[in-house]
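# What the coordinates show
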Amino acid sequence: RQSGVGALIRRFFWSALCSAEPAVTVRQVGLKQQPAGDAKAVATVAAGTAVDVVKREGAWVQLKAGSDTGWTKLFDVKMGTGAAAPPGPSWSVNP
């Protein structure tokens, strides 16, 4: 068994690699094979779908949605477990 700072750092990075952050898609999302606009599309995920953010790379996030895994832009998801907001303005006017 290892101890000390090195073991602590390895444990921290291992737990970060193994954990996923819950999120919800805010619009229909086309998942890409790689984090690039011209990458091959691998799946489509409907708006309001609960997903897991597996990895972040710049403005891109790798999502796992059911059996599908792929990349999309960060602004296509809302982080957290709450339901996606309905389309349209998030405010209302009382008469």
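If you're wondering where the values come from, they're calculated on a predicted model, not measured in any experiment. (Residues numbered from 1 in each chain as written. Predicted model: local features only at pLDDT ≥ 70, side-chain atom pairs only at ≥ 80, totals over all residues. Heavy atoms only, no water.)

### A look at the overall build of the protein
A tally of regular secondary structure across the protein gives one helix and seven strands. If you list the helices and strands of the protein from N to C, you get α-β-β-β-β-β-β-β. When burial is assessed residue by residue, the protein has 22% of its 95 residues classed as buried. A separation of at least 24 residues holds for 48% of the contacts in the protein among residues at least 6 apart in sequence. As presented, the protein carries roughly 6800 Å² of accessible surface, and 57% of it is formed by carbon and sulfur atoms. (Helix = DSSP H or I, 4+ residues; strand = E, 2+ residues; numbered from the N terminus. Buried < 20%, exposed > 50% of the residue type's maximum accessible area, 1.4 Å probe, protein only. Contact = heavy atoms within 4.5 Å. Areas by Shrake-Rupley, 256 points an atom, 1.4 Å probe, with all protein chains shown as cover.)

### Things to note about the pattern of salt bridges
Under the definition given, this model contains two salt bridges. Glu 21 is the salt-bridge partner of Arg 56, the closest N and O atoms lying 3.3 Å from each other. Of this pair, Arg 56 sits in strand 4 (residues 50-57) while Glu 21 is found in strand 1 (residues 21-25), placing the two residues 35 residues apart along the sequence. The closest approach of N and O atoms between Arg 27 and Asp 76, which form a salt bridge, is 2.9 Å. Separated by 49 residues along the polypeptide, Arg 27 in the loop between strand 1 and strand 2 (29-32) and Asp 76 in the loop between strand 6 (68-73) and strand 7 (77-79) bring together distant segments of the chain. By relative accessible area, Asp 76 is classed as buried at 10%. (Salt bridge = Lys/Arg side-chain N within 4 Å of Asp/Glu carboxyl O.)

### Quick word on the nonpolar core
One recurring pattern in soluble globular proteins is that nonpolar side chains are buried together. Of all hydrophobic cores here, the largest spans eleven residues; its members are Ala 23, Val 29, Leu 31, Ala 43, Val 45, Val 51, Val 53, Val 61, Leu 63, Ala 65 and Val 77. Put simply, the parts of the chain that give this core at least two residues each are strand 2, strand 3 (41-45), strand 4 and strand 5 (60-65). It is strand 5 that provides the largest number of residues to this core, a total of three residues. Those residues in contact with Val 77 that lie beyond four places of it in its chain are Ala 23, Val 24, Thr 25, Val 26, Val 61 and Leu 63. (Core = buried A, V, L, I, M, F, W, Y, C linked by side-chain atoms within 4.5 Å.)

### Digging into the environment of Thr 49
With respect to the element layout, Thr 49 can be found in the loop between strand 3 and strand 4. Using a relative accessible area of 23% as the deciding quantity, one classes Thr 49 as partly exposed. Linking Thr 49 and Gln 28, residues 21 residues apart in sequence, is a C-alpha distance of 8.8 Å. Non-local contacts of Thr 49, meaning those with residues more than four positions away in its chain, are made with Ala 23, Val 24 and Thr 25. Within the local environment of Thr 49, its side chain forms a polar contact with the backbone oxygen of Ala 46, the two atoms lying 2.7 Å apart. (Polar contact = N/O pair within 3.5 Å; in protein donor to acceptor, adjacent residues only side chain to side chain.)

### Topic: the side chain of Asp 76
Polar side-chain contacts of Asp 76 include one of 2.7 Å to the side chain of Thr 72. Discounting chain neighbours no more than four positions away, the residues touching Asp 76 are Val 24, Thr 25, Val 26, Arg 27 and Val 29.

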